[in-house]
Amino acid sequence: MNLKTLLAATALGALMAAPALAQQISVKAGVLNDRSGIYADLSGEGSVIAARLAVEDFKAAEKGIKVEIVSADHQNKPDVGSTITRQWYDQDGVDLILDVPTSSVALAVSQITKDKNKILINSGAGTSDLTGKACSPNTVHWTYDTYALAQGTGGAMVKAGGDSWFFLTADYAFGHSLERDTSAVVTKAGGKVVGAVRTPFPGTDFSSFLLQAQASKAKVIGLANAGGDLTNSVKQASEFGITQGGQKLAGLLTFASDVHALGLQAAQGLVLTESFYWDRDDGTRAFSERFAKLNGGKKPTMVQAGVYSGLLHYLKAVEAAKSKDSAVVMAKMKEMPTDDPLFGKGSIRVNGRKMHSMYLYEVKKPSESKGPWDYYKQIAVLSGEEAFQPLAETGCPLVK
Amino acid sequence: MFELLGVPPQALFGQVLLGLINGSFYAILSLGLAVIFGLLNIINFAHGAQYMMGAFVAWMCLNYLGVNYWAALLLAPIVVGATGIVIERVFLARIAKYDHLYGLLLTFGLALIIQGLFRNYYGSSGLPYGIPPQLTGGHNLGFMFLPTYRGWVVVASLVICLATWFMIEKTKLGAYLRAATENPTLTQAFGINVPLLVTLTYGFGVALAAFAGVLAAPIYAVNPNMGADLIIVVFAVVVIGGMGSIMGAIVTGFSLGLIEGLTKVFYPEASSTVIFIIMVLVLLVKPAGLFGRTA
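Residues numbered from 1 in each chain as written. Chains lettered and ligands numbered in written order. Predicted model: local features only at pLDDT ≥ 70, side-chain atom pairs only at ≥ 80, totals over all residues.

**Student:** Where do I start with the overall build of chain B in this structure?
**Tutor:** A count of helical and extended segments in chain B gives 11 helices and 2 strands. Secondary structure elements of chain B, listed N to C terminal, follow the sequence α-α-α-α-β-β-α-α-α-α-α-α-α. Here chain B has a C-alpha radius of gyration of 19 Å; the compact-globule value for 295 residues is 19 Å, and the two agree. The dimensions of chain B, computed from C-alpha atoms along their principal axes, are 65 × 50 × 35 Å. (Helix = DSSP H or I, 4+ residues; strand = E, 2+ residues; numbered from the N terminus. Rg over C-alpha atoms; globule rule 2.2 N^0.38 Å.)

Below, the structure is given as structure tokens:
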């Protein structure tokens, strides 16, 4: 085919497609997360699967919305994440970015999203700064944050008598933010923080830091880290007889995938806070079963569930607004209540904080577990208002 | 009670001991690298992946075959060493006559492929592997609680390191090996099968990595990236000790573990970089490394 006929054919095609395009909105969603490093199992390909399920359940095609999903690996590096984000927004026509674990990357992506006036629905990152001093009109923080984790796990531990704390803190934005938020909860409840050590991220051997924690005689050792760092420190704490010595471990951010990696023998008794657990009710179980079939039998983590829930709400907002203009869609998302089987009913605050209940779980003993992935027993439920930071205290400039 | 820079001496003893324990991993891994480099002139970037394979083979032995830790300690190095022999015969032997860089690139590529395959099948968050029942628990040394397993790690790696050194420097087999490195043509003329020696040496170096992997399985998370995180540090250890120096690798491995351990007490934020700072200093003052011979 020569160039002339090719051009003619293209023009003809465009002409014929034009009426259909006028009614159809096409959305391009980018799932940006860790696909090869320590957070790959809790986000990674599972988050892409969750996004696809959201499109499927929304029945996007029937509603005249065409959704395309792309994905990339940010390697937990802010520079890599920023480059991909810019390319997606500037060249590839991506409308919104989902997931983005690793707080340092999330903060960078949130800033670029604001500059380019697109939308970021963050599920994977923890730092409460995303809806605090670094909040953005273009960012929604969906699944959890360090403030809520601190309220849940921190509050529960102090109530149970753990009134002196020592922190093992992953030395980057997320760890710092988690340590700060948990310290505030502990001090407010009448406890005290006796010390902290900043551990290089990612780390392998935590025994040296654990001995420092042991020597501090604190009643609770707060693990302000995640993923491989967390599993290594829990494993080594049991090896060095720290839990047997009477000190308690608080895994401030523990995912179901971490417990799976540790095994119940090492993880039993850990108290943790999550916003989603696959075995909570019929709705979560049904979703998790579908998900597990597509993900090699692995149940979804709360981060993956959050990607599903966030994209579903975004698509509902696009449908209601009949537009994909960022400002219009964002206004609609904040105006409409959120509702899905995974997180129940909720809402999005003006600072971008998605509100829903948080659940306090304890990891079962091996004898209590009925099989693989049967890991948690529920201890308490915190309503969104109890779990998340009061608007006035966030320091977010969007709150007036 | 006196204090040293604000740290009580008991805590310090504990940290020194911990540093030695971590040093034993550095020592045994850098020893494998030094053996391979010293005798084959290959910079084996797949070493970290082979260490990881050792841990995974131990896990597979337990979960698929019901084979316990002790058998795995013997079995995993043999299995992984055998894959090393295949790699040497199929790939490395063909590029032996070219520049170092080709071997480095080849093994680096292999490492990425091996890690990717394991990640694909087993995910990145790791697999549980318990401490063998004979070595659980620990002893209270007064200044610290020493888990029995960590004690075993130090002893096992010291024995293996010294045995390797003895074999290469003091036995007839070691003499053949060294001769084959110095002058392969002449050695072959004396009726010694040099290619076979080279293949077995690579297999042995790889087996050392796998042995370290099995030692690590009960205390570190068994995951596909466990080697990638460690290998860069181990390379720094080899460079500091002097490329190809057997004793250098052992001594530097243990002492850098010690220095890193102490950094974790005095300035934890720098503990992941201190080894590289030392590497820069050593390269400035003694470019061939502390124990290296300048050619």
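Alright, that's what it looks like, and here's the rest.
**Student:** Got a minute to help me understand the overall build of chain A in this structure?
**Tutor:** When its secondary structure is counted, chain A shows 14 helices and 15 strands. Against the globule reference of 21 Å for 400 residues, chain A gives a C-alpha radius of gyration of 22 Å, in line with a compact fold. Viewed in the frame of its principal axes, chain A has a C-alpha envelope of about 80 × 50 × 40 Å. For chain A, with 400 residues in total, the buried portion stands at 59%. (Buried ≥ 20, exposed ≤ 12 C-beta atoms within 10 Å, placed from the backbone.)

**Student:** What is the right way to read the environment of R353(A) from this model?
**Tutor:** Residue and element names in this part refer to chain A. If you trace the backbone, R353 turns up in the loop between β12 (344-348) and β13 (354-355). When the C-alpha positions of R353 and T187 are compared, they lie 24 Å apart, and in sequence the two are 166 residues distant. Here R353 is in contact with T131, H141 and F388, once residues within four sequence places are set aside. (Contact = placed C-beta atoms within 7 Å.)

**Student:** Could you clarify how one ought to interpret the pairing of strand β9 (residues 248-251) of chain A in this entry?
**Tutor:** Note that strand β8 (residues 220-224) of chain A and β9(A) share 4 bridges and pair parallel. For I221(A), the partnering residue across the bridge sits in β9(A) and is L249(A). (Pairing = 2+ DSSP bridges.)

**Student:** Could you clarify how one ought to interpret the interface of chain B and chain A in this entry?
**Tutor:** Many analyses report the size of an interface as the accessible area lost when the parts associate. Contact with chain B, which involves 32 residues of that partner, is made by 35 residues of chain A. For the side of chain B that touches chain A, the secondary-structure elements that each account for two or more residues are α1 (9-40), β2 (145-147), α9 (226-241) and α10 (246-266) of chain B. At 5 residues, the largest contribution of residues to the side of chain B that touches chain A is made by α1(B). Broken down by class, the residue content of the side of chain B that touches chain A amounts to 14 nonpolar, 14 polar and 4 charged. (Nonpolar A, V, L, I, M, F, W, Y, C, P; charged D, E, K, R; others polar.)

**Student:** Help me understand the domain arrangement of chain A in this model?
**Tutor:** All names here are of chain A. By the assigned domains, chain A splits into domain 1 (26-144 + 280-356) and domain 2 (147-277 + 358-383). Just the C-alpha atoms count here: the centres of domain 1 and domain 2 sit 26 Å apart. If you look at the interface, domain 1 gives 24 residues, while domain 2 gives 22 residues. Elements with a contribution of two residues or more to the side of domain 1 that touches domain 2: α4 (103-115) and α12 (302-321). Ranked by the residues each element gives to the side of domain 1 that touches domain 2, the list is headed by α4, at 3 residues. (Domains from an automatic or database assignment.)

**Student:** Please explain the sheet that holds strand β2 (residues 65-73) of chain A as it appears in this structure.
**Tutor:** Hydrogen bonding along the main chain pairs the strands of a sheet, whether they run parallel or antiparallel. All names here are of chain A. Spatial ordering of the open sheet is given by β2-β1-β3-β4-β5, a layout of 5 strands whose pairing is parallel. Of all the strands in the sheet, just β2 and β5 (139-141) have a single pairing partner and so form its edges. The average angle at which neighbouring strand axes cross in this sheet is 20°, direction not considered. With 4 bridges connecting them, strand β1 (residues 25-33) and strand β3 (residues 96-99) associate as parallel partners. (Axes fitted to C-alpha atoms, helices over the stretch in contact; angles between N-to-C directions.)

**Student:** Any chance you could explain helix α3 (residues 69-95) of chain B here in plain terms?
**Tutor:** Note that an α-helix has 3.6 residues per turn; residues three or four places apart therefore point the same way. Across its 27 residues, α3(B) extends 37 Å between first and last C-alpha, which sits within 8% of the 39 Å expected from 1.5 Å per residue. Close packing links the buried residues of α3(B) with α2 (47-65), α4 (100-122) and α8 (194-216) of chain B. (Expected span 1.5 Å × (residues − 1).)

**Student:** Explain the nonpolar core here, please?
**Tutor:** A51(A), A58(B) and A210(B) are the most contacted members of the largest nonpolar core, which has 218 residues in total. Looking at this core element by element, the count peaks at 17 residues for α1(B). Residue assignment places this core across two domains, with domain 1 (26-144 + 280-356) and domain 2 (147-277 + 358-383) of chain A each supplying three or more. Beyond its immediate stretch of four places on either side in the chain, A58(B) contacts Y69(B), A72(B), A76(B), Y129(B), V214(B) and A217(B). (Core = buried A, V, L, I, M, F, W, Y, C linked by C-beta atoms within 7 Å.)

**Student:** Would you mind going over the packing of α2(B) against α3(B) with me for this structure?
**Tutor:** Packed helices, taken two at a time, are described by their axes: the angle between them and the distance between them. Residue and element names in this part refer to chain B. Interhelical geometry of α2 versus α3 gives an angle of 130° and a closest axis separation of 8 Å. Taken as axis vectors, α2 and α3 run oblique relative to one another. Like other packed secondary-structure pairs, α2 and α3 cross with a definite hand, here right-handed. When α2 is examined against α3, the residues Q50, M53, G54, V57, A58, C61 and L62 are found in contact with a partner set consisting of Y69, A71, A72, L75, A76, P77, V79, V80 and G84. Split into classes, the residues belonging to the contact of α2 with α3 amount to 13 nonpolar, 3 polar and no charged. (Parallel < 35°, antiparallel > 145°, perpendicular 65-115°, else oblique. Left-handed = near helix turned anticlockwise from the far one by under 90°.)

**Student:** Please explain the sheet that holds strand β11 (residues 338-340) of chain A as it appears in this structure.
**Tutor:** All names here are of chain A. If you walk across this open sheet you meet the 3 strands as β11-β12-β13, and the pairing is antiparallel. Of all strands in the sheet, those with a lone pairing partner are β11 and β13, marking the two edges. Inspection of the sheet shows β11 paired to β12 by 3 bridges, in the antiparallel sense. In the strand pairing of β12, D339 is matched with K345.

**Student:** Looking at this structure, I do not really get unusual backbone geometry. What am I missing?
**Tutor:** Trans peptide bonds make up the majority, and among non-glycine residues the majority have a negative phi. Residue and element names in this part refer to chain A. F201 connects to P202 through a cis peptide bond whose omega is -10°. Positive phi, normally seen in glycine, also occurs at Q75, with a value near 55°. By the secondary structure assignment, Q75 is in the loop between β2 and α3 (78-90). Even without glycine at this site, W373 takes up a positive phi of about 75°. One can find W373 in the loop between β14 (358-363) and β15 (376-382).

**Student:** Whenever I open this one, the packing of α2(B) against α8(B) confuses me. Can you help?
**Tutor:** All names here are of chain B. For the pair α2 and α8, the least separation of the axes is 7 Å and the interaxial angle reads 50°. On the basis of the axis angle, α2 is oblique to α8. Classified by chirality, the crossing of α8 by α2 is right-handed. Of the residues in α8, those touching α2 at H47, Q50, Y51, M52, M53, G54, A55, V57 and A58 are V206, A209, A210, F211, A212, G213, V214 and A216.

**Student:** Would you take a moment to explain the environment of I87(B) for this structure?
**Tutor:** Residues and elements named next belong to chain B. Tracing the backbone shows I87 in helix α3. Exposure remark for I87: the 22 C-beta atoms within 10 Å place this residue in the buried category. Excluding residues within four positions of it along the chain, I87 makes contact with L92 and L110.

**Student:** I tried to follow the pairing of strand β6 (residues 164-170) of chain A on my own but got confused; where do I start?
**Tutor:** Side chains on a regular strand alternate between the two faces of the sheet. Counted residue by residue, β6(A) has 6 buried out of 7 residues, so it is predominantly covered. In this fold, the crossover linking β6(A) to strand β7 (residues 192-199) of chain A by way of helix α6 (residues 173-188) of chain A has right-handed handedness. (Right-handed = clockwise from strand over helix to strand, strands pointing away.)

**Student:** In this structure, what is going on with the confidence of the model for chain A? I would like to understand it.
**Tutor:** Low pLDDT marks regions whose predicted coordinates should not be analysed in detail. Within chain A, residue pLDDT values average 91, and 94% of them lie at 70 or more. The low-confidence segment residues 18-22 of chain A, where pLDDT is below 50, has 0 contacts with residues more than four positions distant or belonging to other chains. (pLDDT = per-residue confidence, 0-100.)

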